[in-house]
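In case you want the letters, here they are:
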Amino acid sequence: MDAEQIGHVRRFNRTVTERVGVLHDHYLGRDRPIGEARLIWEIGEQGLDVRRLRERLELDSGYVSRLLRSLEADGLVTVEPQPHDRRVRSVRLTEAGRAERALLDSRSDELAGSLLEPLNAVQRARLVAAMTEVDRLLTAATVTLTVIDPNHPDAQHCLRSYFTELQERFETGFDPARSLLPDAGELQPPHGLFLIARLHGDPVGCAGLKLPPGAPAEIKRMWVAPQARRLGLGRRFLTELEARAAEHGRDVLRLDTNKALSAAIGLYHSCGFEEVAAFNGEPYADHWFEKHITAAS
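Summarised in this report is the structure supplied together with it. Values in this document were obtained by computation on a predicted structure and should not be read as measured data.

Each value, and the rule that gives it
Residues numbered from 1 in each chain as written. Predicted model: local features only at pLDDT ≥ 70, side-chain atom pairs only at ≥ 80, totals over all residues. Heavy atoms only, no water. Helix = DSSP H or I, 4+ residues; strand = E, 2+ residues; numbered from the N terminus. Buried < 20%, exposed > 50% of the residue type's maximum accessible area, 1.4 Å probe, protein only. Contact = heavy atoms within 4.5 Å. Areas by Shrake-Rupley, 256 points an atom, 1.4 Å probe, with all protein chains shown as cover. Pairing = 2+ DSSP bridges. Core = buried A, V, L, I, M, F, W, Y, C linked by side-chain atoms within 4.5 Å. Axes fitted to C-alpha atoms, helices over the stretch in contact; angles between N-to-C directions. Expected span 1.5 Å × (residues − 1). Polar contact = N/O pair within 3.5 Å; in protein donor to acceptor, adjacent residues only side chain to side chain. Arc of directions from axis to C-beta.

1. Considerations on the overall build of the protein
Reasoning step 1: When helices and strands are tallied, the protein shows nine helices and 10 strands.
Reasoning step 2: Principal-axis analysis of the C-alpha atoms gives the protein an extent of 65 × 55 × 45 Å.
Reasoning step 3: Looking at the protein as a whole, 38% of its 297 residues are labelled buried.
Reasoning step 4: Of all intrachain contacts in the protein linking residues separated by at least 6 positions in sequence, the fraction that spans at least 24 positions is 60%.
Reasoning step 5: Total accessible area on the protein stands at roughly 17100 Å², and carbon and sulfur atoms take up 51% of it.

2. Observations concerning the environment of H24
Reasoning step 1: With respect to the element layout, H24 can be found in the loop between helix 1 (3-19) and helix 2 (34-43).
Reasoning step 2: For H24, a relative accessible area of 51% corresponds to the exposed category.
Reasoning step 3: For the pair formed by H24 and E80, sequence separation is 56 residues and the distance between their alpha carbons is 31 Å.

3. What about unusual backbone geometry?
Reasoning step 1: In this structure, the amide linkage connecting P189 to the following residue, P190, adopts the cis form with an omega of 5 degrees.
Reasoning step 2: In this fold, P190 is placed in the loop between helix 7 (153-169) and strand 5 (192-199).
Reasoning step 3: Phi at L28 is positive, roughly 55 degrees, even though this residue is not glycine.
Reasoning step 4: Counting through the fold element by element, L28 comes out in the loop between helix 1 and helix 2.
Reasoning step 5: Of note in this structure, R230 is not a glycine but carries a positive phi near 70 degrees.
Reasoning step 6: Topologically, R230 is positioned in the loop between strand 7 (217-224) and helix 8 (233-247).

4. Considerations on the sheet that holds strand 2 (residues 77-82)
Reasoning step 1: One open sheet accounts for three strands, arranged 1-3-2; its pairing is antiparallel. Only two strands of the sheet have a single neighbouring strand rather than two, namely strand 1 (48-49) and strand 2.
Reasoning step 2: Judged from the six bridges that link them, strand 2 and strand 3 (residues 85-93) form a sheet pairing that is antiparallel. The partner of V77 across the bridge, within strand 3, is L93.

5. Points about the nonpolar core
Reasoning step 1: Membership of the largest hydrophobic core comes to 48 residues, with the highest contact counts inside it found for L209, I219, M222, F237, L238 and F273.
Reasoning step 2: For this core, the elements supplying multiple residues, two or more each, are helix 7, strand 5, strand 6 (202-210), strand 7, helix 8, strand 8 (252-257) and helix 9 (262-270).
Reasoning step 3: Look past the residues within four positions of I219 in its chain and what remains in contact with it is G208, L209, L238, L241, L253, R254, L255 and F273.
Reasoning step 4: Counting 20 residues, the second-largest nonpolar core is a separate cluster that includes L39, L53, L57 and L76.

6. A look at the sheet that holds strand 9 (residues 274-276)
Reasoning step 1: Across the sheet, which stays open at both edges, the seven strands sit in the order 4-5-6-7-8-10-9 with mixed pairing between neighbours. Pairing within the sheet leaves two strands with one partner each, and these edge strands are strand 4 (144-147) and strand 9. The average undirected angle you get between the axes of adjacent strands in this sheet is 30 degrees.
Reasoning step 2: Two elements, strand 5 and strand 6, share eight bridges in a ladder whose sense is antiparallel. Residue pairing in the sheet places R198 in a bridge with P203 of strand 6.
Reasoning step 3: Where helix 8 meets the sheet, it contacts strand 4, strand 5, strand 6, strand 7, strand 8 and strand 10 (287-292), and its direction lies at approximately 155 degrees from that of strand 7.

7. Things to note about helix 1
Reasoning step 1: Compared with an ideal rise of 1.5 Å per residue, which puts 17 residues at 24 Å, helix 1 spans 25 Å between its outermost C-alpha atoms and is within 8% of the ideal.
Reasoning step 2: In this structure D2 caps helix 1, since a side-chain oxygen of it lies 2.8 Å from the backbone nitrogen of E4.
Reasoning step 3: Two residues or fewer past helix 1, G21 is found with a positive phi of approximately 80 degrees.

8. Focus on helix 4 (residues 61-73)
Reasoning step 1: Taking 1.5 Å as the rise per residue, helix 4 with 13 residues should run 18 Å; its terminal C-alpha atoms sit 18 Å apart, in good agreement.
Reasoning step 2: For helix 4, the complete set of buried residues consists of V64, L67, L68 and L71. Taken down its axis, helix 4 places every buried residue within 100 degrees of arc, on the same side. Turned more than 90 degrees off the buried face of helix 4, the exposed positions are R69 and A73.
Reasoning step 3: Residues of helix 4 that are buried sit in contact with helix 2, helix 3 (50-57), strand 2 and strand 3.
Reasoning step 4: Capping of helix 4 at its N-terminal end is provided by D60; its side-chain oxygen lies 2.8 Å from the backbone amide nitrogen of G62.
Reasoning step 5: Where helix 4 terminates, the next one or two residues include G75, which has phi positive at roughly 75 degrees.

9. Quick look at the pairing of strand 3
Reasoning step 1: For strand 1 and strand 3, the ladder comprises two bridges, and the chain directions are antiparallel. Pairing of L48 across the sheet is with V91, part of strand 3.
Reasoning step 2: Between strand 2 and strand 3, which follow one another and run antiparallel, lie two residues.

Written as structure tokens, this is what we have:
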């Protein structure tokens with residue numbers, strides 16, 4: 001990795017931590033550090049289960065427990081087991097906690113305004129645009145890709161969401177029973193694999209890879225949730241699946257798609273896929289693509 005780039009990132013981190021006041025124990029002028037303040041904000045009006053809170057903030061369970069004990073001692077939150085499963089704990093804001101959250105919101109607005117106020121209109125626009133881009137890229141960097149069983153609840157959630165979107169976007173609608181859907185066994189080792197993308201613990205995308213013996217590898221059921229688009233996840237899926245196919249000795253990677261999915265078609269072209277003659281009888285396909293890759297020895 002480029003040393004100069006590393007230096008720029010570190011300098012950016014130092015500037016941000018100084019300007020937003022996270023170095024102080026009394027964040028935003030309150031009697032608590034930023035960790036406790038962030039938990040209050042993240043818990044929100046509806047409350048949250050503690051496990052989800054840890055996943056959302058990617059924090060150690062012991063650290064979260066200590067923060068919650070402090071907030072509970074101050075009368076700002078309550079932590080209780082859920083009735084249906086006492087192993088799962090939920091945290092909610094008390095009335096005092098909701099008032100504290102409202103005050104933190106107000107002071108956060110003031111802090112944001114203090115960052116913009118010294119700048120002229122052009123500079124403000126540039127700063128906000130740069131912050132938006134940084135936020136997008138940092139969010140993209142937090143997405144994880146994991147190989148899971150296609151029968152896993154997260155995989156099934158993604159597939160249901162994918163089929164619902166196809167039903168809305170295809171001129172003819174979409175009926176999974178008519179499509180050449182691979183069964184779960186075709187997307188499990190050694191016949192294939194299924195990738196799931198997660199953002200803050202939530203499933204936000206999926207992609208399958210078929211590895212039929214003596215035939216090209218084939219990408220199936222690649223989908224990205226609307227809230228995770230523009231994070232480069234589609235390209236990341238293609239790169240990962242290409243590497244996995246090469247690892248299994250394949251030198252050709254195939255996929256098919258519908259004409260309604262214009263963004264996907266553009267992505268395939270930009271990633272080196274070329275249109276070829278139909279290689280299957282998929283009733284919902286209008287375009288078939290192929291890419292020659294370098295098989296691992």
